[in-house]
Amino acid sequence: MLKKYLLAPGPTPVPSSVLLSMAQPMIHHRSPDFLPILDSAKKGLKWLFQTENDVLILCSSGTGGMVGAVTNFFNAGDKVIVVNGGKFGERWTKICQTYGLNVKEIIVEWGYAVKPSDIENELKADPDIKGVFIQAVETSTGVYYDVEAIAKIVRQFDNTLLIVDAISALVAHDLKTDEWGIDIMVGGSQKGLMLPAGLSFVSISPKAWRANERAKLPRFYFNLKKEHENLQKNQTNFSSPVTLIIALNEAIKLLQNEGLQNVFNRHTTLAHATREAVKAIGLSLYSKESPSNSVTAIEMPAGIDGQTVYKTLREKYGVTGAGGQDRARGKIIRLAHLGYADVFDVIVGIASLEMTLKGLGYPLELGKGVAKAQELLMR
Ligand SMILES: *Cc1c(COP(=O)(O)O)cnc(C)c1O
């Protein structure tokens, strides 16, 4: 028997009370039974997103929310900035270009964070830029961008929206949507929210709704104005993913019981311990600045192939992390500490990494990383 441990930055483990909440007889999404369920989800998401504005619930993976964030607020030919510092920044560019937006990329070296001043300079040079697209956490490199500083800049420009892909950052990072002035923030269910894939979430500021009135890009399934109208009646435009929304309520209940600040503190502590343990093993972080609280990207030593490490972790020890994507493939492995994660997830990740590397011939003293993590995680 090989017991399985899921330490990927999505999907993440689902708590048993959330799993059990999905094992209920089906109810009809247009029946009165469903109304309080969606009402509760609506309120819970406002709490989680730290916003007074409605957060829309879409039946899609996270990328669906990203597509909706493009098609509902822009016109073909609109000039926009995309911060591209990894696979998910690249995804913003591809979506924007698919719909005919005029993309100016700010390329960020993988493993580094965008400099807010670079965004400011672009906006000052061209006040006609309609949107700035960023990630909060660029999952492919494990880097957190300074959303607060970026929001402070963008909110000075009346015709420019800030769109944040927070799919892997929500729950792990304190993102003050209203206070900072994030116009559109996208979340997804299978990362910090401890749910299966299938829901995306989009918060929308009044400034963004004004842009929506002028936006003419074609859209049908992800029509956010229609979703918003339906949400007022505790309905969704099309068939509601009832089961996932019930599970969402259970997941939010768990987070509310812990308290938002405690949730952030837990992620900060787990991420810090993971990074220090990695260094104690003698390895380097791939995130050269601003490492995230969601996932730790670890550089593999010379002569050790990251894909072999990823495979060995999974096949020999039952630990599913994530490898590197694209140009980082083979060079890194990533261990998440996101959502339903605690002290012993870190210990499992570090211990299995030590055993794997040692088995592949990397000279290390077993237990050094584990001891460092233990020291930092003792309560
Ligand atoms: C996981 C992820 C997505 C998108 O995910 P889906 O596979 O469409 O759910 C988008 N952005 C970031 C930063 C992610 O980590």
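The notes below deal with the structure included here. What you see is a predicted model, and the numbers here were worked out from it, not measured in a lab. (Residues numbered from 1 in each chain as written. Predicted model: local features only at pLDDT ≥ 70, side-chain atom pairs only at ≥ 80, totals over all residues. Heavy atoms only, no water.)

What about the pattern of salt bridges?
How we decide: The rule for a salt bridge is simple: a side-chain nitrogen of Lys or Arg has to be within 4 Å of a carboxyl oxygen of Asp or Glu. Exposure classes here rest on a 1.4 Å probe applied to the protein chains alone. A residue is buried below 20% of its type maximum, exposed above 50%, and partly exposed in between. Each helix is a run of DSSP H or I of at least 4 residues and each strand a run of E of at least 2, with the numbering of both proceeding from the N terminus.
Per the counting criterion, the structure on display carries 17 salt bridges. With a shortest N-O distance of 3.7 Å, D54 and K46 are connected by a salt bridge. Judged by its relative accessible area of 15%, D54 is buried. Looking at K46, the relative accessible area reads 26%, which means it is partly exposed. K87 serves as the salt-bridge partner of D326, at 3.0 Å between the closest nitrogen and oxygen. Highlighted residues: D326 in the loop between strand 13 (322–323) and strand 14 (332–336) and K87 in helix 4 (residues 87–98), separated in sequence by 239 residues. Looking at D326, the relative accessible area reads 44%, which means it is partly exposed. Overall, the relative accessible area of 22% leaves K87 in the partly exposed class. A network of salt bridges, in which partner residues are shared, links K87, E90, K94 and D326.

Focus on the site of the ligand
Worth spelling out the cut-off: Being near a molecule or strand, for a residue, means having at least one of its heavy atoms within 4 Å of it. N or O atoms closer than or at 3.5 Å make up a polar contact, with two conditions inside protein: a donor-capable atom paired with an acceptor-capable one, and, for residues adjacent in sequence, both atoms drawn from side chains. Each accessible area value is a Shrake-Rupley result obtained with a 1.4 Å probe; residue values ignore everything except the protein chains displayed when judging cover. Gly is put with the polar residues, along with every residue not named as nonpolar or charged; the nonpolar set is Ala, Val, Leu, Ile, Met, Phe, Trp, Tyr, Cys and Pro, and the charged set is Asp, Glu, Lys and Arg.
Close to the ligand lie 14 residues; S61, T63, T139, D165 and K191 are nearest. The side chain of T139 places a nitrogen or oxygen atom 2.4 Å from an oxygen atom of the ligand. The contact in question runs from a nitrogen atom of the ligand to an N or O atom on the side chain of D165, over 2.6 Å. In isolation the ligand exposes 390 Å². Once the protein is present, 88% of that is buried. For the shell around the ligand, the element with the highest residue contribution is helix 3 (residues 62–71), accounting for three residues. When the residues that make up the shell around the ligand are grouped by side-chain class, the tally is four nonpolar, seven polar and three charged.

Focus on the packing of helix 2 (residues 34–49) against helix 10 (residues 242–258)
Selection rule: Orientation is described by axes fitted as lines to C-alpha atoms, over the contacting stretch for helices, and by angles from 0 to 180 degrees between their N-to-C directions. Roughly parallel here means an angle under 35 degrees, roughly antiparallel means over 145, roughly perpendicular means 65 to 115, and every remaining angle is called oblique. Each crossing gets its handedness from the near helix: less than a right angle anticlockwise from the far helix is left-handed, clockwise is right-handed. Note on definitions: a residue-residue contact is assigned when non-hydrogen atoms from the two residues lie within 4.5 Å.
Orientation of helix 2 relative to helix 10, taken along the N-to-C sense of each, is 45°, at an axis distance of 9 Å. Between helix 2 and helix 10, the angle is such that the two are oblique. In this structure, helix 2 crosses over helix 10, and the sense of that crossing is left-handed. Between helix 2, through F34, I37, L38, S40, A41, G44, L45, W47 and L48, and helix 10, the contact on the second element is made entirely by V242, I245, I246, L248, N249, I252, L255 and Q256. Residue composition of the contact of helix 2 with helix 10, grouped by class: 13 nonpolar, four polar and no charged.

Examining empty space enclosed by the protein
What counts here: Definitions used throughout: a 1 Å grid over protein atoms alone; a cavity as a set of points that fits a 1.4 Å probe which cannot get out; a pocket as an open set with protein on both sides within 12 Å along at least five of seven lines; a lining residue as one with an atom within 4 Å of a point. Grid points are joined across faces, edges and corners, and a volume is the space filled by probe spheres set on the points.
The final tally for this structure, using the stated rule, is five cavities of 30 Å³ or more. Space inside the largest cavity adds up to approximately 80 Å³. Contributing to the lining of the largest cavity are I57, L58, C59, Y221, F222, E227, T236, N237, F238, S239, P241 and I245. It is strand 2 (residues 55–59) that provides the largest number of residues to the lining of the largest cavity, a total of three residues. Classifying every residue of the lining of the largest cavity gives eight nonpolar, three polar and one charged. As for the second largest cavity, its lining consists of L6, L7, A8, T12, P13, A336, H337, L338, Y340, A341 and D345.

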